[in-house]
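Below, each chain spelled out in residue letters.
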Amino acid sequence: TTTTTTTTTATTIMSRDMNTMPTVRHGRTYYTQGPNDKRGIGGVCSVIFIVMLLIVPPIILIASERSRFTRFIALSDALDSEIVELNHHHHHHQQQQQQQHGYDDGDSNKELLRSALTTPGTLVHGTSTHIETISTDSEMSVSIPGALTLRRNAEYCQWHELQSQRCQTCTRTVKASDGSTKEESYQCNCVTEYNYVKSWTSRRIPSFGFDQPGAHHNPQRDPMPSKIFVDEDARLTFREGEGGDGDYDNNNEMNQQQQHDNKKRGIQANLDPKMLSNGVRSQPYRLVEFVPNGRAPPPSFFSRIFSFLNLPNRNTRYEPLQLLKDTPYSPAATRDNFVYVGQGGYFFSPHESATSSKLFNYFAQYLEGSLFDWQMGDLMPSCTAGDVRFRYEVQDPTVVSVLGMLRKQDDERFKITPRTMHGIGDANAATIGLVHAGHSGARAMILAEDSDSKNRAHMVRGLLFLWSIPASRLAGVALERELSESSFATQVEGVFGLFLALLGAVWLLVWGETFGAMETTLVFFTGAVFGYLALKSAVRKGAGRRWHGVWCRVAKWANVPPEWRVEDSYVPAPPTGNKLGEGDDGAR
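Undergrad: Please clarify how the overall build of the protein should be interpreted in this entry.
TA: When helices and strands are tallied, the protein shows 12 helices and 23 strands. With 588 residues in all, the protein has 44% of them scored as buried. A separation of at least 24 residues holds for 81% of the contacts in the protein among residues at least 6 apart in sequence. Approximately 32,000 Å² of the protein is accessible, and the part contributed by carbon and sulfur atoms is 56%.

Pasting the structure below:
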């Protein structure tokens, strides 16, 4: 009876279909004669956007360096700490003493656990090949055994607006406050086209700002957002000799016998869910598909044809459809009509608009003139805007290494929790609670985390370097210099000068003189030298209010009209000094 019910349920679930083909519709085309300047509210928003681009990157750099400093301190402290190895219940000389005095493994385990529990902040490390875990999404009544983390990836059927613009390049004469003039190029006589594509995307797209929001309305329903689930009671068993940094001689017969005797013994501990807040390092997520009897389908026709290319195998995890026997009665199914449709492991929920919403949408289409704008794309079998689908991915390693603190839950159970150093910065960066896939020693885990922290900091520093290109030109305007009209070497000096000087200043602010004082001084001094060379070699601007010049440059980048950014003067300043080429760009 159970088998028949399960098969019938699976057949009912699989009977639903989901369209995946994208749809393309052509929107309106506008021709704008004259300059393409941004005026009114659009001009104000454009200026605010440029100002934010100039302000936010240094703030991100400071936050990133603070996080990097906190992480470095926490990892350095962990590296210098005494770490209790859960896989090394006793060493060789301890084993001999136990044999002489009649101690057993239980006594050794108790001493090990007592030392880890009685000393506050003591870190423990262990490697486990025996993982008892099951991650559950209660909203869909889906449970995946052996998964430390279960990730639900939601996708939404939405319209995308694609705007393309073709403009001519014109020239005009702009006048400064002192009457001097300058020729500048600008975009004019622009043709703007709008096109729309309806497809599945990982985010919701607001459509109220579209050129035709009525014909391309995006419902913002999000019944099952993307989320990561972890097992609240994952249990690991740490057995003798399973660690990556063992002190044993594998060729020694007595040690081999000891490992064999401890095959069914070990220290058991639950894993705190906070240990999995960042997932399992070095363990890629695997897609989960539910198929009959959990058997992987045969390779596709194209895979067999191109087998000589040695393409990578699918890393999909296949689970039996019987695991979905409770999903028709889950909250997501009864509330939002989610069903399993397959086609890559998807659960699907169709969107049904209310009558009032449909009438309002028709009225919006009438106002924008798209009510009777029927196109070939409307006949394509695609999804309906507002449809939602999701699928699952798991991290299910067979071997994990952990580093954290050991705490006692009750008389028989222990829990491995993260250790947080307070008072040194961001709590997340100051927390040591590591879970890595595979056999990894404590030192290797700490160094790997430090490498990840460095890479994140390098990415932000690279962003700062790109920011330094326009920022150096703006700084030159503030110092009455025009880097854009200077030689390429001078522009490079200006970019590196600002980048290195700012980076060195932030390092001095965050790291102080205790860590890497020589590197900080060298970076800041090098930046100052490059900045000085760029200042001496750059083309000089005309006299005027410096901060007014900065505003005019920002407004020009924001593409606002000339009357918003009237310069004080366009007359270049004369070169300073009496020697040939001194103070002029031609000197270099």
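Having seen the model, we can carry on.
Undergrad: Explain the packing of aromatic side chains here, please?
TA: How two aromatic rings sit relative to each other is given by the distance of their centres and the angle of their planes. Under the definition given, this model contains 19 aromatic pairs. Summarising the aromatic geometry, the rings of F69 and W511 are spaced 5.2 Å apart at their centres and angled 80° between planes, so their arrangement reads as edge-to-face. Of this pair, F69 sits in helix α2 (residues 40-80) while W511 sits in helix α10 (residues 488-511), placing them 442 residues apart in sequence. Note on F69: relative accessible area 18%, which makes it buried.

Undergrad: What am I meant to see in the pattern of salt bridges here?
TA: Where charged atoms from two side chains of opposite charge come close, those side chains can pair. Going through the model one piece at a time under the given rule, you end up with 26 salt bridges. With its nearest N and O atoms 3.1 Å apart, the salt bridge here joins R28 to D211. Placement of R28 in strand β1 (residues 23-35) and of D211 in the loop between β8 (181-201) and β9 (227-230) is noted, with a sequence separation of 183 residues between them. Overall, D211 belongs to the buried group, its relative accessible area being 19%. Across the pair R68 and D450 runs a salt bridge whose closest N-O atoms are separated by 2.9 Å. Taken together, the residues R68 in helix α2 and D450 in helix α9 (residues 442-478) connect sequence positions 382 residues apart. Of the two residues, R68 and D450, neither departs from the other in class, the shared state being buried. Among the ionic contacts, a cluster of salt bridges with common partners joins D37, R172, E184 and R565.

Undergrad: Where do I start with unusual backbone geometry in this structure?
TA: Non-glycine residue S282 carries a positive phi angle of around 70°. Checked against the element boundaries, S282 lands in the loop between β11 (267-271) and β12 (286-291). A positive phi is found at Q343, a non-glycine position, where the angle reads about 50°. In this structure, Q343 sits in the loop between β14 (339-342) and β15 (346-349). Take Q343: its relative accessible area is 39%, and that puts it in the partly exposed class.

Undergrad: Could you clarify how one ought to interpret the state of the cysteines in this entry?
TA: Disulfides are covalent bonds that connect the sulfur atoms of two cysteines. Evaluated as defined, the whole model comprises three disulfides. Between the sulfur atoms of C157 and its disulfide partner C383 the distance amounts to 2.0 Å. On the sign convention where negative means left-handed, the S-S torsion of about 75° between C157 and C383 marks this disulfide as right-handed. Placement of the pair is C157 in strand β7 (residues 149-175) and C383 in the loop between α8 (355-368) and β16 (388-395), with a sequence separation of 226 residues.

Undergrad: I tried to follow the packing of α9 against α10 on my own but got confused; where do I start?
TA: Describing two packed helices takes the angle between their axes plus the distance from one axis to the other. Following both chains from N to C, one finds α9 and α10 inclined at 125°, their axes separated by 8 Å at the closest point. Compared by their axis directions, α9 and α10 come out oblique. Two packed elements cross with a definite hand, and for α9 against α10 that hand is right-handed. Here α9 contributes R461, L464, F465, W467, S468, I469, A471, S472 and R473 to the contact with α10, which in turn contributes Q491, G494, V495, F496, L498, F499, L502, L503 and W507. Considered class by class, the residues forming the contact of α9 with α10 number 12 nonpolar, four polar and two charged.

Undergrad: What's the story with helix α12 (residues 546-557) in this structure? I'm lost.
TA: For an α-helix, 3.6 residues make a turn, and residues three or four places apart therefore share a direction. If you check α12, its first and last C-alpha atoms are 17 Å apart, about what 12 residues at 1.5 Å a residue would give, namely 16 Å. Regarding α12, the residues found buried are H548, G549, V550, C552, R553, V554 and A555. Turning to α12, the residues buried within the fold contact α2, α9 and β22 (481-482). Once α12 ends, the next one or two residues include N559, with phi positive near 65°.

Undergrad: What am I meant to see in the nonpolar core here?
TA: The tendency in soluble globular proteins is for nonpolar side chains to be buried as a group. Core analysis: the largest hydrophobic core is formed by 26 residues, its most contacted members being L54, L61 and L503. By size, the runner-up hydrophobic cluster in this structure holds 22 residues, among which are V288, A333, F338 and V394.

Undergrad: For this particular structure, what's the right way to read the pairing of strand β6 (residues 142-145)?
TA: Along any regular strand the residues' side chains alternate between the sheet's two faces. The side-chain alternation of β6 yields one buried face, formed by V142 and I144, and one unburied face, formed by S143 and P145. Two strands pair when backbone bridges link them, and strand β5 (residues 134-137) and β6 are joined in this way by four bridges, in the antiparallel orientation. In the strand pairing of β6, S135 is matched with I144. From the end of β5 to the start of β6, which pair antiparallel, there are four residues, and S141 there has a positive phi angle of about 55°.

Undergrad: Looking at this structure, how should I read α8?
TA: With 14 residues, α8 should reach 20 Å at 1.5 Å per residue; the first-to-last C-alpha distance of 20 Å fits that figure. Of the residues trailing α8, G369 is marked for its positive phi of about 80°.

Undergrad: Please explain the confidence of the model for the protein as it appears in this structure.
TA: Predicted coordinates in areas of low pLDDT are best not read in detail. Residues with a pLDDT of 70 or more make up 83% of the protein, whose mean pLDDT is 85. In the model, residues 1-16 has pLDDT below 50 throughout and makes 16 contacts with residues more than four positions away in sequence or in other chains. Contacts from residues 91-105, a stretch scored under 50 in pLDDT, to residues over four places away or in other chains number 19 contacts.

Undergrad: Explain the side chain of Q158 to me, please; I cannot follow it from the model alone.
TA: For Q158, the location among the structural elements is in strand β7. Under the relative-accessibility criterion, Q158 is labelled buried at 1%. Once residues within four sequence positions are removed from consideration, Q158 is found in contact with V197, K198, S199, T201, R203, R204, I205, N218, P219, Q220 and G386.

Undergrad: Got a minute to help me understand a nonpolar patch on the surface in this structure?
TA: Residues V44, I48, M52, W551 and W564 make up a contiguous nonpolar surface patch of roughly 450 Å² in combined accessible area. The element that contributes the greatest number of residues to the nonpolar patch is α2, accounting for three residues. Following the sequence through the fold, V44 ends up in helix α2. V44 sits in the partly exposed class, given a relative accessible area of 41%.

Calculation rules
- Residues numbered from 1 in each chain as written.
- Predicted model: local features only at pLDDT ≥ 70, side-chain atom pairs only at ≥ 80, totals over all residues.
- Heavy atoms only, no water.
- Helix = DSSP H or I, 4+ residues; strand = E, 2+ residues; numbered from the N terminus.
- Buried < 20%, exposed > 50% of the residue type's maximum accessible area, 1.4 Å probe, protein only.
- Contact = heavy atoms within 4.5 Å.
- Areas by Shrake-Rupley, 256 points an atom, 1.4 Å probe, with all protein chains shown as cover.
- Phe/Tyr/Trp six-rings, centres within 6.5 Å; stacked < 30°, edge-to-face > 60°.
- Salt bridge = Lys/Arg side-chain N within 4 Å of Asp/Glu carboxyl O.
- Disulfide = S-S within 2.5 Å.
- Axes fitted to C-alpha atoms, helices over the stretch in contact; angles between N-to-C directions.
- Parallel < 35°, antiparallel > 145°, perpendicular 65-115°, else oblique.
- Left-handed = near helix turned anticlockwise from the far one by under 90°.
- Nonpolar A, V, L, I, M, F, W, Y, C, P; charged D, E, K, R; others polar.
- Expected span 1.5 Å × (residues − 1).
- Core = buried A, V, L, I, M, F, W, Y, C linked by side-chain atoms within 4.5 Å.
- Pairing = 2+ DSSP bridges.
- pLDDT = per-residue confidence, 0-100.
- Patch = residues over 30% accessible without salt bridge, like charges linked within 9 Å, V, L, I, M, F, W, Y side chains within 5 Å.

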